[in-house]
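# Examination of the molecular architecture
Below, each chain spelled out in residue letters.
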Amino acid sequence: MTDTRPRIRVVNPNSNETVTRGIDAALEPLRFKDGPEIVCSTLAEGPFGIESQADVESVTMPLRRLIESDNASHAFVIACYSDPGLHVCREGTTRPVFGIAECGLLAALARAERFGVIAISQRGIARHQRYLRQMGLTQRLAGERPLEMSVAETAAGERTLERMIEVGRALHERDGAEAIVMGCAGMARHRRPLEDALGIPVVDPTQAAVTMALGVVQLSRQ
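Just so you know, these numbers come straight off a predicted model, no measurement behind them.

Procedures and definitions
Numbering of residues starts from 1 in every chain and runs along the sequence as written. Totals for whole chains, interfaces and linings use every residue, but because this is a predicted model, local features are given only for residues with pLDDT of at least 70 and side-chain atom pairs only at 80 or more, for both listing and counting. Remark: hydrogens and water are excluded; side-chain values derive from all non-hydrogen atoms of the structure. By the criteria applied, helices consist of DSSP H or I runs no shorter than four residues and strands consist of E runs no shorter than two, each listed in order from the N terminus. We take the radius of gyration over the C-alpha atoms and set the globule estimate at 2.2 Å times the residue count to the 0.38 power. We call a residue buried when its accessible area falls under 20% of the maximum for its residue type, exposed when it is over 50%, and partly exposed in between, using a 1.4 Å probe and counting protein chains only. Residue contacts are counted whenever heavy atoms from the two residues lie within 4.5 Å of one another. Shrake-Rupley sampling with a 1.4 Å probe provides the accessible areas, and residues are treated as covered by the protein chains on show and by no other component. DSSP bridges decide pairing: two strands pair if at least two such bridges lie between them. Here a crossover is taken to be right-handed if, once the strands point away from the viewer, the path from the first strand over the helix to the second is traced clockwise. With axes taken as lines fitted to C-alpha atoms, and helix axes fitted only over the stretch in contact, angles between N-to-C directions fall between 0 and 180 degrees. Angle categories are assigned with fixed cut-offs, so that under 35 degrees is roughly parallel, over 145 is roughly antiparallel, 65 to 115 is roughly perpendicular, and the rest are oblique. As a working rule, the residues Ala, Val, Leu, Ile, Met, Phe, Trp, Tyr, Cys and Pro are called nonpolar, Asp, Glu, Lys and Arg charged, and the rest polar, with Gly in that last group. Pairs of N or O atoms are called polar contacts if they sit within 3.5 Å, as long as, within protein, a hydrogen donor faces a hydrogen acceptor (for residues adjacent in sequence, only side-chain-to-side-chain pairs).

Bringing the overall build of the chain into the picture now. In terms of regular secondary structure, the chain is built from 10 helices and eight strands. In terms of overall dimensions, the chain is globule-like: its C-alpha atoms have a radius of gyration of 16 Å, near the 17 Å expected for 222 residues. Counting only C-alpha atoms, the chain reaches 50 × 35 × 35 Å along its principal axes. A buried classification covers 58% of the 222 residues belonging to the chain. Taking as baseline every contact in the chain between residues at least 6 positions apart, the subset at least 24 positions apart corresponds to 69%. Of the roughly 9,900 Å² of accessible surface on the chain, 48% is carried by carbon and sulfur atoms.

Dropping the structure here:
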């Protein structure tokens, strides 16, 4: 650590540095003088994009090893919407570990009765639905629709925002979503323009998770 402030470590479990840079930029409003340091890092062992259950499983133990070996951070955020290794990592440390899907969904519940999710692809929706059932939230879901893009495309593609607005409008106008959750950390840079275009709350789940981590870390300093 470069100073005595507590540190929140945000880990991108895929190996795409463009995604990590986008996450880091989206977290800038949460950095403040004398507040916890927010450090974003990339899991070099991860796939270029986490887009299948196999990808999710492949990063579970590398994430646990990373968290177990980090004795300087006071809280961790796993920045992937599938929350890979969340419970395994929580078993490996006494410090809080936040998953962005769990936190993003909880943030959406605080903003709206029914929420929608923008997924990167159709095949990821089944995985998200399983998680919603585990959390008991299926009755609050208005719908989930895919972009049919890769993680890399959502982070750097030229038409990503245009497609997100199209899908977000369908979730709002056809499905009745009153808030939108962005279902991939790679979408981070698009939250504000998407919210402006749709006129309803849009949740970046990484921002939601880091906000919760900030609260826990700040209150532990009192």
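The next subject is the pairing of strand S5 (residues 115–119). With respect to burial, S5 is a largely interior element, five of its five residues being buried. Of the two faces of S5, the one lined by Phe115, Val117 and Ala119 and the one lined by Gly116 and Ile118 are each fully buried. As paired strands, S5 and strand S6 (residues 141–146) are joined by five bridges and run parallel to one another. Within S6, the position partnered with Gly116 by the bridge is Gly143. As for the winding sense of the linkage, the β-α-β connection from S5 through helix H6 (residues 122–135) to S6 is right-handed. When S5 meets strand S7 (residues 179–182), the two strands line up parallel, connected through four bridges. In the sheet register, Ile118 faces S7, and the bridge partner there is Met182.

One way to put it is that helix H5 (residues 100–109) packs onto helix H10 (residues 205–220) with a least axis distance of 7 Å and a crossing angle of 90°. With respect to H10, the element H5 is oriented roughly perpendicular. Contacts between H5 and H10 involve Ile100, Cys103, Gly104, Leu106 and Ala107 on the former and, on the latter, Pro205, Thr206, Ala208, Ala209 and Met212. A per-class count over the contact of H5 with H10 returns eight nonpolar, two polar and no charged.

Strand order in the open sheet made by the four strands is S6-S5-S7-S8, with parallel pairing throughout. With partners counted over all chains shown, the strands left at the sheet margins are S6 and strand S8 (202–203), one partner each. Pairing of S7 with S8 involves two bridges; the strand directions are parallel. Bridge pairing in S8 links Val181 to Val203. Set on the sheet, H6 makes contact with S5 and S6; between it and S6 the angle comes to about 155°.

Let us now look at the side chain of Asn12. As for its position among the elements, Asn12 is in strand S1 (residues 7–12). In this structure Asn12 comes out as buried when scored by relative accessible area, which is 2%. Only 3.0 Å separates the side chain of Asn12 from the side chain of Asn14, close enough to count as a polar contact. Beyond its immediate stretch of four places on either side in the chain, Asn12 contacts Val19, Thr20, Ile23, Ser41, Thr42, Leu43 and Ala79.

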